[in-house]
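Geometric and topological summary
Below are the chains, spelled out letter by letter.
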Amino acid sequence: MKLTSLLTTTFTTAALVGMVTIWDAPLKAVNPHLMQASAAQEMKDSTGLTPSQKIAKIVQHKGQFGGGDELRRYFFGDLEPVSVQPGGAGMVVNLYNKANNTTFAYCATYDVVVAVKSGRVTQFASSEVK
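This write-up is about the structure you can find in this document. (Residues numbered from 1 in each chain as written. Predicted model: local features only at pLDDT ≥ 70, side-chain atom pairs only at ≥ 80, totals over all residues. Heavy atoms only, no water.)

**A look at the overall build of the chain**
Which entries qualify depends on this criterion: Each helix is a run of H or I in the DSSP string that is no shorter than four residues. Each strand is a run of E no shorter than two, and both are numbered from the N terminus. Each residue is assigned to one of three classes by its accessible area relative to the maximum for its type, calculated with a 1.4 Å probe on protein chains only: buried under 20%, partly exposed between the two thresholds, exposed over 50%. The contact criterion used throughout is that any non-hydrogen atoms of two residues lie within 4.5 Å. Method for areas: the Shrake-Rupley scheme with a 1.4 Å probe, in which residue coverage is limited to the protein chains shown.
Within the chain one finds 4 helices and 4 strands. Element order for the chain, N to C, with α for helix and β for strand: α-α-α-α-β-β-β-β. In the chain, which comprises 130 residues, the proportion classed as buried is 26%. Here the contacts in the chain between residues at least 6 apart in sequence split such that 37% fall between residues at least 24 apart. Accessible area of the chain: about 8,800 Å², with a carbon and sulfur share of 64%.

The following block contains the structure:
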């Protein structure tokens, strides 16, 4: 008797999970707003910030110690070195993020972001990276 009730419970649970899974796909096809809402949620990562919010935070903390750490945390693996130029405490590396079309000027000596511009920038003005 206990084996029968265990099998019935297992079967019922599997059937409910299957129905929920099957129901979800047509619902998104019928109502595209659900799909847009889920896509917007996917744009946020574990930090809970969108890419534009991350860039705004980096600009807000520009010139402060630890800004480089923030840059690496937000865009880990997405930064491509474009050029090196004099500035900061020696040399500044210009890092380009292709996904957001933004260039960051980074001074490794002090671990700070010293300039941010939209687009692929190979040379910042010397007044921006001092």
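**Looking at the pairing of strand E4 (residues 112–118)**
Quick reminder of the rule: DSSP-based pairing: two strands are paired if at least 2 bridges between them are found.
Burial runs high along E4: 5 of the 7 residues are buried. Direction of pairing for strand E3 (residues 102–107) relative to E4: antiparallel, over a ladder of 6 bridges. Residue Phe 104 lies in a different strand from E4, and its bridge partner there is Val 116. Counting the residues in the hairpin turn of E3 and E4 gives 4 residues, including Asp 111, whose phi is positive at 55°.

**Here we look at the pattern of salt bridges**
Where we set the bar: Between Lys or Arg on one side and Asp or Glu on the other, a salt bridge is scored when a side-chain nitrogen of the former is within 4 Å of a carboxyl oxygen of the latter.
A full pass over the atoms with the stated rule returns 4 salt bridges. A salt bridge links Asp 111 to Arg 72; the nearest nitrogen and oxygen atoms lie 3.1 Å apart. One end of the pair, Asp 111, is in the loop between E3 and E4; the other, Arg 72, is in helix H4 (residues 67–74), and 39 residues separate them in sequence. For Asp 111, a relative accessible area of 19% corresponds to the buried category. Glu 128 is the salt-bridge partner of Lys 117, the closest N and O atoms lying 3.4 Å from each other. Of the two residues, Lys 117 sits in strand E4 while Glu 128 sits in the segment after E4, which places them 11 residues apart along the sequence.

**Overview of the packing of aromatic side chains**
Going by this rule: Aromatic pairing here means that ring centres of Phe, Tyr or Trp (its six-membered ring) are within 6.5 Å. Orientation follows from the plane angle: under 30 degrees is stacked, over 60 is edge-to-face, and everything else is tilted. Both a distance and an angle decide whether a charge sits over a ring: NZ of Lys or CZ of Arg must be within 6 Å of the ring centre and within 35 degrees of the ring normal.
In total, this model carries 2 aromatic pairs according to the counting rule given. Aromatic side chains Phe 75 and Phe 104 sit 5.6 Å apart centroid to centroid with 35° between the ring planes, which places their arrangement in the tilted category. A residue pair is termed long-range when its members are at least 10 positions apart, and Phe 75 in the loop between H4 and strand E1 (79–87) and Phe 104 in strand E3 qualify at 29 residues. For the pair Phe 75 and Phe 104, one class covers both residues: buried. The side chain of Arg 73 reaches across the aromatic face of Tyr 74, ending 5.5 Å from its centre.

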